[in-house]
Amino acid sequence: MKRRLQLHSLFFGTVLALSLIVPEIYAQTNQLSVAKPPLVLTMPEDTVPAIIHHTIENGVVKFSSTLRPLRQIAGAPEPFYSYFWEFGDGQFSFEKEPQHIYRDDLIYKVRLYATNSYDDGKRPPTRPKPLKPGSSRPVLAATNPAAGSQFFKSGGNVEMKTNCMPKPGDDMMLVLGYRNKPENGIASLNGTLSILYNDKEFNKDNFELAESRTYNQEKTTTLNQQGSFASLKVNKAPVYYAALNGLDRNDLLSETYNNLVIDPEGTALIKEKMAAYRKNESWKFENLKSGEEKFIFLNFKTTPEMIKDTNAVVKLTGVFMPDNPLATTELFTIELQIVASHDPNKMMLKNSRMNFRFTGKNRKLTYKVRFQNTGKGPAKKVDVGVAIAEVLDKGSIEILDSKPKITPGKPSYTNQSYLDTVSRADSIHFVFNNIYLPGTLQKGVKDADSTMGFIEYKIGFKEKPKKLPFKSGAAIVFDKNEPIYTNKATGRYKMGLSPGIIAGYGFPFKNGNTPLTGQKNITFGLSLAPYAPHRYYWQVELYASTFAEKEYPVSRIMGSERLVPIEVNGKRQEARLKYADSTVRTKVMTINIVPLQMRYNFNKYFGAGVGTMVSIDVDKQSTPKKEAHYEVPNAVGVGQEVIIKNAFDKVSSSFKDFQNTMFADIQVGKVRVGPALGFRYLYTFQGNGNRLITYLTWKF
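Given the structure is predicted, the values throughout are model-derived calculations rather than measurements.

A. Local environment of the overall build of the protein. Along its length, the protein carries six helices and 38 strands. Counting only residues that meet the buried cut, the protein has 44% of its 700 residues in that class. For the protein, the exposed surface amounts to about 37000 Å²; the carbon and sulfur share of it is 54%.

B. Summary view of the side chain of Lys346. Inspection of the secondary structure assignment puts Lys346 in strand E17 (residues 346-349). No salt bridge is formed by the buried Lys346, whose closest oppositely charged neighbour, Asp343, lies at an N-O distance of 4.4 Å. The residues contacting Lys346, other than those within four sequence positions of it, are Gln337, Val339, Ser341, Lys368, Val369, Arg370, Thr486 and Asn487.

C. Geometry of the sheet that holds strand E1 (residues 51-57). Overall, antiparallel pairing links the three strands, which are arranged E1-E2-E5 in an open sheet. Single-partner strands in this sheet number two, and they are E1 and strand E5 (99-101). Shown here is a sheet whose adjacent strand axes are inclined to one another by a mean of 30°, direction ignored. Pairing geometry for E1 and strand E2 (residues 60-66), over seven bridges, is antiparallel. Following the sheet pairing, Ile56 is matched in E2 by Val61.

D. Representation of unusual backbone geometry in the model. The amide bond that connects Lys403 to the next residue, Pro404, takes the cis arrangement and shows omega of 0°. Checked against the element boundaries, Pro404 lands in the loop between strand E21 (392-403) and strand E22 (418-423). Backbone geometry at Asn58 places phi at a positive 55°, although glycine is not the residue there. With respect to the helices and strands, the residue Asn58 is situated in the loop between E1 and E2. Residues other than glycine seldom take positive phi values, yet Asp479 does so here, at roughly 55°. Take Asp479: it is sitting in the loop between strand E25 (470-478) and strand E26 (484-493).

E. Examining the sheet that holds strand E19 (residues 364-372) more closely. Ordered by their spatial adjacency, four strands build an open sheet running E17-E19-E24-E21, and the pairing between neighbours is antiparallel. Looking at which strands have only one partner, the edges of the open sheet turn out to be E17 and E21. Geometrically, the sheet is characterised by an average inter-axis angle of 20° between neighbouring strands, direction not taken into account. Where E19 meets strand E24 (residues 452-461), nine bridges bridge the pair, whose relative direction is antiparallel. Across the sheet, Lys368 pairs through a bridge with Glu456, a residue of E24.

F. Just the packing of aromatic side chains, in detail. With the rule as written, the count across this model stands at 33 aromatic pairs. Each ring, one from Phe356 and one from Tyr531, has its centre 6.3 Å from the other, and the planes form 55°; the classification is tilted. Residue Phe356 is located in the loop between strand E18 (353-354) and E19, and its partner Tyr531 is located in the loop between strand E28 (521-530) and strand E29 (536-538); the two are separated by 175 residues in the primary sequence. A single burial state applies to Phe356 and to Tyr531, both of which are buried. Among the aromatic side chains, those forming a connected cluster through ring pairs are Phe84, Phe92, Phe94, Tyr113, Phe151, Phe152, Tyr215, Phe295 and Phe297. The ring of Phe454 carries the charged tip of Lys368 above its face, separated from the ring centre by 4.3 Å. In this arrangement the basic side chain of Arg680 is found over the ring face of Phe663, its NZ or CZ atom lying 4.1 Å from the centre.

G. How the structure looks around the pattern of salt bridges. Overall, the coordinates contain 25 salt bridges when judged by the stated rule. The closest approach of N and O atoms between Lys350 and Glu456, which form a salt bridge, is 2.5 Å. One end of the pair, Lys350, is in the loop between E17 and E18; the other, Glu456, is in strand E24, and 106 residues separate them in sequence. By relative accessible area, which is 17% here, Lys350 ends up buried. The closest approach of N and O atoms between Asp420 and Lys410, which form a salt bridge, is 3.0 Å. Of this pair, Asp420 sits in strand E22 while Lys410 is found in the loop between E21 and E22, placing the two residues 10 residues apart along the sequence. Residue Asp420 is classed as buried on the basis of its relative accessible area of 14%. Under the relative-accessibility criterion, Lys410 is labelled exposed at 63%. Through salt bridges with shared partners, a single ionic network connects Lys153, Lys161, Asp447 and Asp449.

H. Region of interest: the side chain of Asn198. Tracing the backbone shows Asn198 in strand E10 (residues 188-199). For Asn198, the side chain forms a polar contact with the main-chain nitrogen of Asn206, separated by 3.0 Å.

I. Representation of the pairing of strand E8 (residues 158-162) within the structure. Most of E8 sits inside the fold, with four of its five residues counted as buried. Pairing of E8 with strand E9 (residues 171-179) involves five bridges; the strand directions are antiparallel. Residue pairing in the sheet places Met160 in a bridge with Leu176 of E9.

J. Quick peek at the environment of Gly360. With respect to the secondary-structure elements, Gly360 resides in the loop between E18 and E19. Between the C-alpha atoms of Gly360 and Phe461, which are 101 residues apart in sequence, the distance is 6.2 Å. Excluding residues that lie within four positions of it along the chain, Gly360 makes contacts with Phe461 and Lys464.

K. Structural context of the environment of Leu196. Along the chain, the position of Leu196 falls in strand E10. On the accessibility criterion, Leu196 (1% relative accessible area) is buried. Put simply, Leu196 and Met274 are 78 residues apart on the chain and 7.0 Å apart in space, counted from C-alpha to C-alpha.

L. Fine view of a nonpolar patch on the surface. Taken together, the side chains of Phe602, Phe606, Ile666, Val668, Leu677, Phe679 and Leu696 define a hydrophobic patch exposed on the protein surface, amounting to about 580 Å² of accessible area. Looking at the nonpolar patch, the elements with two or more residues in it are strand E36 (656-669) and strand E37 (674-684). In this structure, Leu696 sits in strand E38 (residues 689-699).

M. Seen up close, the pairing of strand E30 (residues 540-558). As judged from the eight bridges shared by E28 and E30, these two strands associate in the antiparallel manner. What sits directly across from Thr523, in E30, is Ser545. The pairing of E30 with strand E32 (residues 571-601) spans 15 bridges and is classified as antiparallel. Bridging across to E32, Tyr552 finds its partner in Val584.

N. Geometry of the environment of Ile270. With respect to the secondary-structure elements, Ile270 resides in helix H5 (residues 264-274). When the C-alpha positions of Ile270 and Met321 are compared, they lie 9.4 Å apart, and in sequence the two are 51 residues distant.

O. Geometry of the nonpolar core. Membership of the largest hydrophobic core comes to 38 residues, with the highest contact counts inside it found for Tyr367, Val382 and Val384. Every element with two or more residues in this core is listed here: E17, E19, strand E20 (382-387), strand E23 (427-433), E24, E25 and E26. If near-sequence neighbours (up to four positions away) are discounted, Val384 is found in contact with Val369, Phe371, Ile428, His429, Phe430, Phe432, Ile455, Ala475 and Ile476. In this structure, Leu174, Leu176, Phe207 and Leu298 belong to the second largest nonpolar core, which totals 32 residues.

Thresholds applied
- Residues numbered from 1 in each chain as written.
- Predicted model: local features only at pLDDT ≥ 70, side-chain atom pairs only at ≥ 80, totals over all residues.
- Heavy atoms only, no water.
- Helix = DSSP H or I, 4+ residues; strand = E, 2+ residues; numbered from the N terminus.
- Buried < 20%, exposed > 50% of the residue type's maximum accessible area, 1.4 Å probe, protein only.
- Areas by Shrake-Rupley, 256 points an atom, 1.4 Å probe, with all protein chains shown as cover.
- Lys, Arg positive; Asp, Glu negative; His and termini not counted.
- Salt bridge = Lys/Arg side-chain N within 4 Å of Asp/Glu carboxyl O.
- Contact = heavy atoms within 4.5 Å.
- Pairing = 2+ DSSP bridges.
- Axes fitted to C-alpha atoms, helices over the stretch in contact; angles between N-to-C directions.
- Phe/Tyr/Trp six-rings, centres within 6.5 Å; stacked < 30°, edge-to-face > 60°.
- Lys NZ or Arg CZ within 6 Å of the ring centre and 35° of its normal.
- Polar contact = N/O pair within 3.5 Å; in protein donor to acceptor, adjacent residues only side chain to side chain.
- Patch = residues over 30% accessible without salt bridge, like charges linked within 9 Å, V, L, I, M, F, W, Y side chains within 5 Å.
- Core = buried A, V, L, I, M, F, W, Y, C linked by side-chain atoms within 4.5 Å.

Written as structure tokens, this is what we have:
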């Protein structure tokens, strides 16, 4: 055995050495010769797969591995690997060097998923290794150590566990376990098992289910999101239903039974959960014996569109639906923080992207700080110091849960385990006292979960905060060691939309010969902007302007001394034309579109903005008129003035006369949300036009 391990180690080291030495030799040779370079086999260190070793003694297979050397991140704790072994027969282990007993001598594919923590390289790739355990079996009946017995820690019939937190660009293994616990009191169960993923809280999918591996004849099926899930129970459980209700077996064929919903609460719960996810996968299982535990292995890959927010928490839900109405439908939800690196000490903020509209003193945030003792001995004291963001109220902290599970408060006797909460100027310290938290490198420690702990708490805001991100971080001290600093958990606000109404009155600085420069107008419309912006933001507007009816001169024609015939009071006379004026009376309604506007709020009460506007005449009515002034001479040559007016038919037009306008304005009032008074100066490029609009706006 030792000889074999030495050979594997020698091979592994030789490959790495060649990847570094051979390129350098080739570079030196290439300077002296133009001959075709030799074929060089290189293997980048980060792409070297995990090498699986095994030995078999008396039917017991002992596993070990060779992994690439770890590279410590500067200033971080000592790097280490965590392990997930899939033995290829439906069993698994999280130990570094596990032992396993196979029930027969078939060929199995063994997989090792090694996760590097506090290491600046990539995770070693996984390569399945075929293994034939042989026909030798142990003399005494033996069972595999406890994948399942340590798996169902919540006490239910369904539970899930992952080998790591999801990291963009990596894959993640999830073990979906289900069982018929003895407390059910049912000798054998049939039913459906489902996994729900890609929660709708995020706009894009976070996971793709690359592969599912089943080992107990589970058959793929589907869930009808619109149908009755309880019908799965009804169709499979006639005998149980008859026994419960005292029915004859012939009654089971009745329409009443076929339309019966046995488990309305379970059905409603599953429908509610399914509505929160975009995708699901389901399997039918049969003949699950009392006390039996089985597992499905799911290989999830993070999508290219996966949210890159490393403070986000994604959820996956497992659903256990037994056909027997005596058994209960169960759900198990696991929360996973998206991470940038696989560090065991993490701080996360649940629902980190919030709706600012509903954020205030009554809003509570839920934080969770995870820690793991990676040392060689147990920790008796763990101090979790959390830097509290300025907008949060330390006095509102409420502890929800902890691991180790101990009572908050002062001890009542010597050496009692207790959780102390210490408030300082800008931080809160959760101190686990008189505990026993094993180290991952401690001799005899095989269960990685026993080395982990967490503190989960709620905290509220001091008052309505500013719409700005806020951060909290933690420092974790095991006994008297140096502190280990976690990531920063950042709270952010969703943009949100704020509709608004606009009502204004505009007037020109001077008269002109077009409606937009010479007429007063009334404006009414709508705006759309982000909700309660703190500083810079965009805004779009759509509003109509009705310009008052007004008459404009068009031209004047001067007369001459020549006499022309005209009709005055029904009599035909000759007169001289002095002059003739042509005018037009117009009434215009425009639609104004503001496609681009940048605004800035200096504070809650004063803001300014600049933008561009396009105006379109949606209804323009023009009535031409002509007024001629004549002089009618009499017998003594004295002239009498006669005015003749002519009105022509009204001319209507629409969707003409596009105009481009630039504007700048200021607002005073509740400029983020609420009423405000604005003053807007507009300059039109087409024609000689500038005007001022004063308006009221109210953002909701």
